[in-house]
Amino acid sequence: MQAAILLIDDHPIVRDGCRRLLETRPDFTILEAGTGTEGLAMNRRHGPDLIILDLNLPDGNGLEFLRRLHSETPAARVLVFSMYEEAAFVARALEAGARGYLTKHDDPEALLAAVDALLRGERYLGHRVAQKLALLSLQPADDPLRGLTARELDVLDLLGSGAGLADIAAALGLSYRSAAHIAAQLRTKLALRSQAALVKFAVETAPERRARRDDGQRE
């Protein structure tokens with residue numbers, strides 16, 4: 001039985017590698033989209049059996065696209081295939097409707113195993129994220145700051161102090177493009193829809209970040 005798989009990723013090299021791997025299976029038909037908007041349209045047009053979704057997309061928050069896919073097609077089997085492997089972020093994707101999660105650090109053969117599992121109606125987690133989710137269950141729940149890198153926390157601190165992206169780039173010795181990319185990653189990780197929402201979050205969580213930093217220094 002033929003299965004249609006929609007691959008949504010903005011990196012042509014990544015799409016090409018995934019397509020080549022999936023095309024080793026004659027029972028798979030591969031569709032491709034380079035943006036979330038295009039992916040939504042192709043989902044409506046073709047009704048694929050499975051969707052492989054990167055969450056770092058150029059035209060919006062990947063978690064929001066995931067929610068829209070799930071809202072428009074509640075039975076959709078969505079496999080997240082992302083560079084992010086922080087446990088709190090994985091948990092957000094699963095809550096938004098993903099049935100599986102792989103990172104781009106996983107073994108390539110895991111992609112085929114994940115696709116087969118979802119097509120059977122099962123769930124699938126890559127080895128790396130499964131371990132991190134197990135550790136997450138031992139920690140306090142719903143901590144949006146957990147899993148952020150030191151550089152991302154630095155950017156949050158500067159945003160919370162009123163700095164713009166150009167100021168952040170200068171302060172951290174980054175290019176403007178790199179600063180903008182980190183801000184986009186933060187919006188995706190924190191499931192925030194806009195730069196204004198990210199700045200608001202940075203301001204509201206500034207006291208908590210300072211308290212944690214002070215506790216770490218005392219230790």
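Residues numbered from 1 in each chain as written. Predicted model: local features only at pLDDT ≥ 70, side-chain atom pairs only at ≥ 80, totals over all residues. Heavy atoms only, no water.

Draft legend 1. Just the pairing of strand 6 (residues 78–82), in detail. For strand 6, the tally of buried residues reaches five of five residues, placing the bulk of the element in the interior. Because side chains alternate across strand 6, one face comprises the buried residues V78, V80 and S82, and the other comprises L79 and F81, equally buried. As paired strands, strand 3 (residues 50–53) and strand 6 are joined by three bridges and run parallel to one another. Residue pairing across strands places L53 opposite V80, the latter belonging to strand 6. (Buried < 20%, exposed > 50% of the residue type's maximum accessible area, 1.4 Å probe, protein only. Helix = DSSP H or I, 4+ residues; strand = E, 2+ residues; numbered from the N terminus. Pairing = 2+ DSSP bridges.)

Draft legend 2. Expanded view of the packing of helix 1 (residues 12–22) against helix 5 (residues 109–119). Two numbers describe how helix 1 lies on helix 5: the axes approach to 10 Å, and their chain directions differ by 65 degrees. With respect to their mutual orientation, helix 1 and helix 5 come out roughly perpendicular. As helix 1 runs across helix 5, the sense of the crossing is right-handed. Counted together, C18, L21 and L22 of helix 1 and E109, L111, L112 and V115 of helix 5 form the full contact between these two elements. For the contact of helix 1 with helix 5, the class distribution of residues is six nonpolar, no polar and one charged. (Axes fitted to C-alpha atoms, helices over the stretch in contact; angles between N-to-C directions. Parallel < 35°, antiparallel > 145°, perpendicular 65-115°, else oblique. Left-handed = near helix turned anticlockwise from the far one by under 90°. Contact = heavy atoms within 4.5 Å. Nonpolar A, V, L, I, M, F, W, Y, C, P; charged D, E, K, R; others polar.)

Draft legend 3. Structural context of empty space enclosed by the protein. One pass over the structure, following the stated rule, counts one cavity of 30 Å³ or more. Looking at the largest cavity, its volume works out to about 70 Å³. Lining the largest cavity are E86, A88, F89, R92, P144, R146, G147, L148, K189 and L190. The element that contributes the greatest number of residues to the lining of the largest cavity is helix 4 (residues 87–95), accounting for three residues. When the residues that make up the lining of the largest cavity are grouped by side-chain class, the tally is five nonpolar, one polar and four charged. (1 Å grid on protein atoms, 1.4 Å probe; cavity = no way out; pocket = protein on both sides within 12 Å on 5 of 7 lines; lining within 4 Å. Points joined across faces, edges and corners; volume = space filled by probe spheres on them.)

Draft legend 4. Inspection of the pattern of salt bridges at higher detail. One pass over the full model with this rule turns up 14 salt bridges. Across the pair R19 and E23 runs a salt bridge, and its minimum N-O distance is 3.8 Å. One salt bridge in this structure joins E122 and R120, with 3.1 Å as the shortest N-O distance. On the basis of relative accessible area, R120 is assigned to the exposed category, the value being 54%. In the salt-bridge network here, residues are joined through shared partners; they are R15, D16, R19, R20, E23 and E32. (Salt bridge = Lys/Arg side-chain N within 4 Å of Asp/Glu carboxyl O.)

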